[in-house]
Amino acid sequence: MSSQRSQHDERLELHGRSNGKRGRLHRGRQVTHVIGSGPAGLLAIIQLQEKSRAMGLASNCVMYGQQLFGSAADPTVAAVRCQAWCHPGSIFAQTQPHVALSLWRASVPVLRRLAAPAFRENIPGVLLEATTGASDHPGLEESLRAVGIPHRRLPSRVLRSFVPTIPRNVLSGMVAYLTPDTVIDLPVLQWCLARKALAGGMRHVPAQVMQLVPTDKTPESIAALVLSDGQSVSIAPDDEVVLACGAGIHRLLQPLGVNPLLRFFQSHLVAAHYDLRALLAVVGGGINAVPHPQPDGRTLAVFGNSHRREIPANTGPLAVAYNTLDVHGVCADVANVLGIDLPSDDIISWTGVKTEYVTEGNGAQGHHVARVAGLGNVWTLIPGKLTGSPAAADELARQMLSLRLGQAVSRSIWQVPGPLPNFAGALTNVTSE
Ligand SMILES: Cc1cc2nc3c(=O)[nH]c(=O)nc-3n(C[C@H](O)[C@H](O)[C@H](O)COP(=O)(O)OP(=O)(O)OC[C@H]3O[C@@H](n4cnc5c(N)ncnc54)[C@H](O)[C@@H]3O)c2cc1C
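Here's a quick rundown of the structure.

About the cut-offs
Residues numbered from 1 in each chain as written. Predicted model: local features only at pLDDT ≥ 70, side-chain atom pairs only at ≥ 80, totals over all residues. Core = buried A, V, L, I, M, F, W, Y, C linked by C-beta atoms within 7 Å. Buried ≥ 20, exposed ≤ 12 C-beta atoms within 10 Å, placed from the backbone. Helix = DSSP H or I, 4+ residues; strand = E, 2+ residues; numbered from the N terminus. Domains from an automatic or database assignment. Contact = placed C-beta atoms within 7 Å. Near = placed C-beta within 6 Å. Nonpolar A, V, L, I, M, F, W, Y, C, P; charged D, E, K, R; others polar. Expected span 1.5 Å × (residues − 1). Pairing = 2+ DSSP bridges. Axes fitted to C-alpha atoms, helices over the stretch in contact; angles between N-to-C directions. Parallel < 35°, antiparallel > 145°, perpendicular 65-115°, else oblique. Left-handed = near helix turned anticlockwise from the far one by under 90°.

1. Thoughts on the nonpolar core
Within the largest apolar cluster, 116 residues are counted, with the highest numbers of intra-cluster contacts made by Ala 44, Ile 45, Val 242, Leu 243, Leu 381 and Leu 396. Considering each element in turn, this core owes the most residues, seven residues, to helix 2 (residues 39–54). Of the domains in this structure, domain 1 (7–73 + 187–260 + 365–408) and domain 2 (86–183 + 263–356) are the two that each give at least three residues to this core. For Leu 381, the contacting residues outside a window of four places in its chain are Ala 40, Ala 44, Val 242, Leu 243, Ala 244, Val 369, Ala 392 and Leu 396.

2. Some remarks on the site of the ligand
In the region of the ligand, 37 residues are neighbours, and Gly 36, Gly 38, Gly 70, Gly 246 and Gly 248 sit closest. Listed by contribution, the elements that provide at least two residues to the shell around the ligand are helix 2, helix 8 (248–253), strand 14 (263–273) and strand 19 (347–356). Among the residues making up the shell around the ligand, the classes are represented as 19 nonpolar, 15 polar and three charged. Both domains that furnish three or more residues to the shell around the ligand are identified here as domain 1 (7–73 + 187–260 + 365–408) and domain 2 (86–183 + 263–356).

3. Section: helix 2
An ideal rise of 1.5 Å per residue puts 22 Å on 16 residues; helix 2 measures up with 22 Å between its terminal C-alpha atoms. Burial runs high along helix 2: 12 of the 16 residues are buried. Of the residues making up helix 2, those classed as buried are Pro 39, Ala 40, Gly 41, Leu 42, Leu 43, Ala 44, Ile 45, Ile 46, Gln 47, Leu 48, Gln 49 and Ser 52. In the segment just after helix 2, Gly 56 is the residue with positive phi, at about 75°.

4. A word on the pairing of strand 14
As paired strands, strand 14 and strand 19 are joined by 10 bridges and run antiparallel to one another. Of the residues in strand 19, the one forming a bridge with Ser 267 is Gly 352. Here strand 14 pairs with strand 18 (residues 309–311) via three bridges, running antiparallel. Bridging from a neighbouring strand, Phe 264 pairs with Ile 311 of strand 18.

5. Thoughts on the sheet that holds strand 20 (residues 368–371)
Across the sheet, which stays open at both edges, the six strands sit in the order 9-2-1-13-21-20 with mixed pairing between neighbours. In this open sheet, the two edge strands, each paired with only one partner strand, are strand 9 (203–205) and strand 20. Ignoring strand direction, the axes of neighbouring strands in this sheet form an average angle of 20°. The sheet contact formed by strand 1 (residues 31–35) and strand 13 (residues 240–243) spans four bridges and is parallel. When the bridges of strand 13 are listed, His 33 appears paired with Val 241. Along the sheet face, helix 2 touches strand 1, strand 2 (60–64), strand 13 and strand 21 (378–382) and points at about 175° away from the line of strand 2.

6. Examining the sheet that holds strand 12 (residues 232–234)
With respect to topology, three strands assemble into an open sheet ordered 10-11-12, the strand pairing being antiparallel. Whereas interior strands pair on both sides, the edge strands pair on one side only; in this sheet they are strand 10 (209–214) and strand 12. The sheet shows a mean angle of 20° between the axes of neighbouring strands, direction not considered. Inspection of the sheet shows strand 11 (residues 222–227) paired to strand 12 by three bridges, in the antiparallel sense.

7. Concerning unusual backbone geometry
One non-glycine residue with positive phi stands out, namely Ala 84, at about 65°. Along the chain, Ala 84 falls in the loop between strand 2 and strand 3 (85–86). You will see that Leu 261, though not glycine, has its phi angle at about 60°, which is positive. Along the chain, Leu 261 turns up in the loop between helix 8 and strand 14. C-beta crowding within 10 Å serves as the criterion here: with 14 such atoms nearby, Leu 261 is assigned to the partly exposed category.

8. With respect to the packing of helix 2 against helix 10 (residues 389–404)
Contact geometry for helix 2 and helix 10: axes closest at 8 Å, N-to-C directions at 45°. The pairing of helix 2 with helix 10 is recorded here as oblique in orientation. In the crossing of helix 2 with helix 10, the sense of the turn from one axis to the other is right-handed. Taking contact as the criterion, the partners of Pro 39, Ala 40, Leu 43, Ala 44, Gln 47, Leu 48, Lys 51 and Ser 52 in helix 2 are, on helix 10, Ser 389, Pro 390, Ala 392, Ala 393, Asp 394, Leu 396, Ala 397, Met 400 and Leu 401. Split by residue class, the contact of helix 2 with helix 10 holds 12 nonpolar, three polar and two charged.

Structure follows, in structure tokens:
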């Protein structure tokens, strides 16, 4: 198959020349094939383009995916079904400070640089902490300070102006903090990221990848991609394939006998028209509400909670079932915690699936980048959160470029896994001799 030039190979070359300039996608040069046109895939291409350019290297990137961010009809596409909450890490500062640090330092600044118009700056974030109840974790303020996330305690008068219809007695049991959490306009984010990637030379093939075809050599790598339109694309020995297709990763790797150890979690969101002027989140994994201003002037508040259930790894779009009981659960939490009775005849609700690489516990919000064991030229990219896509893509681009340079790149001492050597102890030993 690899010796045969398929129609798509020709098309990629033609696309390279179609703007009248010298084609940027050159045969004989290494190509990165990114499968999945969601936030992770787009950011991977942008990071590869920016870093390659800074290092004086060429970057030839092709993206496969039927449409930007994916179809809302497919319950396994997370980006079009999410709440569009831009996480600076505040909600994770107490329990997963490493995730909070990565979001605040490595992801949010990049998203703001690449997609400033997508940030709904007029919607502030408010974290609510119940004044009762013991916690195993450090206090919220202490945790936010440790990660460096700006925050300010809100007087109840100001809090009430953000949430005018929430009953006073509900809020009296909560302490509120203003944080940099905010709302993203998803179509504007898609447009900003796509425009940037296309301007950097990305080629987009509007098709799904149905199959990865391995070489018949050992160790194996991928020799071709079979697309949904029946075409095939040959993968040159130096090319690389990035699986940035969320739940689709398992569907592509399973037929090759590769288990990428991913887990899949389904949850439900409920939306209703409700006058909410801030993004609200109850710390400790409770209920949250993300307001989306609508063209008619009203606000659609999207409510979610931490209740989610694990679903089997081989989940295809048709196997994801909408669960009425789970929707009632979200509505009950909204009523119990925030005192808001959602009108049962005027809500919309849907389900979504999140793909995670979990090493301990029952979930992981952090990103994960890996080379697939046994398939030399294939990588997996899991952003953890949509907001975490820049940090995930940054790590992928660094690892790929280090390998491409053909040199082992030294790590600083603080980047070496495992406990740090105890220099203080060593000094004590020396002085006591
Ligand atoms: C209910 C819910 C709410 C969430 N809310 C938030 C939130 O408010 N804020 C936040 O930061 N994160 C949120 N998340 C998490 C976030 O949505 C995901 O982490 C993020 O979308 C993952 O991005 P991705 O690009 O890896 O995958 P996805 O968004 O799932 O995109 C995968 C892409 O790959 C494509 N694809 C799949 N298979 C193939 C194939 N074979 N060939 C070609 N293309 C393929 C799909 O069509 C799609 O375009 C939420 C998740 C869920 C489930």
